Protein chains: 2
Amino acid sequence: MTRTGRRPGNADTRAAILAAARDQFAACGYRGATIRGIATQADVDPALVHHYFGTKRELFAETLQLPFDPTRIVAVAREGDPSEVGKRIARVLLGFWSTEAVRATMQSLLRSALTDEESLEAYRGFMFDTVVLPLVAAVAPDRVPLRASLLASQIIGLSFVRYVAEVEPLATAEVETVVAAIGPTLQRYLVGDLADA
Amino acid sequence: MTRTGRRPGNADTRAAILAAARDQFAACGYRGATIRGIATQADVDPALVHHYFGTKRELFAETLQLPFDPTRIVAVAREGDPSEVGKRIARVLLGFWSTEAVRATMQSLLRSALTDEESLEAYRGFMFDTVVLPLVAAVAPDRVPLRASLLASQIIGLSFVRYVAEVEPLATAEVETVVAAIGPTLQRYLVGDLADA
């Protein structure tokens, strides 16, 4: 295909950028993909990518079609009683996941992460760089990367058991039941003593 | 195809039973499938199924081609210091998972559980009935089903983060580092105070 010059900002441009972004995130991962590379593939000026989608983070979130802003959770960690941060995180996650639309998205993300190495790489990079690491860094006394991967392990496992495998009683337990059960685990991973770990 | 009577116990019989078992477990789930139904589909006497594969549990384990006996973990929970049961379970799991063959099997099981409703149903039924529930029942003071689903959430999340997503430092951390980090969580889910959960 012959390049006919940069596209003007028309109604199709947004869709072309989004398609190019999906390709580039899949090919290079979240960390490797660049706004410049996405602009080149979409045949537009990089400024137009920023104009339509803001930052790389916002563009990636758009490609995921997340029906919530995952970075809100960082603010939740910072605000309020530090001794309750684990329960607060559990509560806000369960709130995010409480609608059918979000559960469907989570399920399809988990599926593509498991079956497609490239989706996994892109999604892992995005979640860690923009959500998990900032969240842990906001409250942890030390060992941010270890705490972040431990936190992710409990959160991913909870979402799998509650929403994908639908194991009872966790599948239909009240939010506050799950918060009381999981909150102390998240609390320890975030700020607790990891002993000899 | 005309039925020509029950197959004699020949070299192909074992393979026919195994194929029928895979079909029946997929169609009916682990709990729903019966030795009789499997025997009927394989066109053999039920006694021959028992002869080749023992119990339904052993037959299902055979269809999964697990390179270890998952029920060993129940014995591990029962034996030894009750205050160390969480660490003991973590240690034996990490031991199971330490070979490439087991990791490949776990990964493919997680994948098929996420992408195939029938595999998920069969595998969930098997794991809970023969491993998780007996393990928890052997040590828990109360609330066995809740504790079992919590335990599963941390174990599945750990295996996902360490072996599928390969998030560092958890992906390459020493076994005893992971045991120290995860053990107290498993301990609390198995025998600890779940407070208001």
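Every value quoted in this text rests on a predicted model; they were computed, and no experiment measured them.

Colleague: Would you explain the domain arrangement of chain A in this entry?
Modeller: Quoted interface sizes are often the accessible area lost when the parts come together. Residues and elements named next belong to chain A. Domain parsing of chain A yields domain 1 (13–64) and domain 2 (72–191). For domain 1 and domain 2, the distance between their C-alpha centres works out to 26 Å. Together, the buried faces of domain 1 and domain 2 total about 890 Å²; carbon and sulfur atoms form 70% of this surface. For the pair domain 1 and domain 2, the number of links is zero salt bridges.

Colleague: Quick question: what am I supposed to make of the packing of aromatic side chains here?
Modeller: Any aromatic ring pair is given by two values, namely how distant the centres are and how the planes are angled relative to each other. All names here are of chain A. In the structure shown here, the tally under the stated rule is eight aromatic pairs over all chains. Their ring planes at 45° and their centres at 6.4 Å tell us that tyrosine 52 and phenylalanine 53 sit as a pair that is tilted. The exposure class of tyrosine 52 is partly exposed, given its relative accessible area of 26%. Among the residues examined, phenylalanine 53 registers a relative accessible area of 7% and is labelled buried.

Colleague: What should I look at first to understand the relation of the copies chain A and chain B in this one?
Modeller: For the pair of chain copies, the relating transformation is a rotation about an axis with a translation along it. When chain A is brought onto chain B, the operation consists of a screw motion whose angular component is 180° and whose axial shift is 0.0 Å, with 0.0 Å RMSD remaining. Expressed as an axis order, the relation between the two copies is that of a two-fold axis. Among all residues of chain A, the one whose C-alpha sits closest to the rotation axis is Gly157(A), at a distance of 1.8 Å.

Colleague: In this structure, what is going on with the confidence of the model for chain A? I would like to understand it.
Modeller: Low pLDDT marks stretches whose predicted atomic positions should not be read closely. Residue and element names in this part refer to chain A. Across chain A, the average pLDDT comes to 85, with 90% of residues at 70 or higher. Per-element averaging of pLDDT across chain A places helix H7 (residues 100–115) at the bottom with 70 and helix H10 (residues 175–191) at the top with 96. Here the predicted complex carries an ipTM of 0.79, next to a pTM of 0.80.

Colleague: Help me out: how do you make sense of the environment of Ile89(B) in this one?
Modeller: Residue and element names in this part refer to chain B. One can find isoleucine 89 in helix H6 (residues 85–96). For the pair isoleucine 89 and valine 74, spaced 15 residues apart in sequence, the C-alpha separation works out to 8.9 Å. Those residues in contact with isoleucine 89 that lie beyond four places of it in its chain are Ile73, Val76, Ala77, Leu135, Leu186 and Leu190.

Conventions we followed
Residues numbered from 1 in each chain as written. Chains lettered and ligands numbered in written order. Predicted model: local features only at pLDDT ≥ 70, side-chain atom pairs only at ≥ 80, totals over all residues. Heavy atoms only, no water. Domains from an automatic or database assignment. Buried area = accessible area lost by both parts, 1.4 Å probe. Salt bridge = Lys/Arg side-chain N within 4 Å of Asp/Glu carboxyl O. Phe/Tyr/Trp six-rings, centres within 6.5 Å; stacked < 30°, edge-to-face > 60°. Buried < 20%, exposed > 50% of the residue type's maximum accessible area, 1.4 Å probe, protein only. Least-squares fit on C-alpha atoms with pLDDT ≥ 70 in both. pLDDT = per-residue confidence, 0-100. Helix = DSSP H or I, 4+ residues; strand = E, 2+ residues; numbered from the N terminus. Contact = heavy atoms within 4.5 Å.

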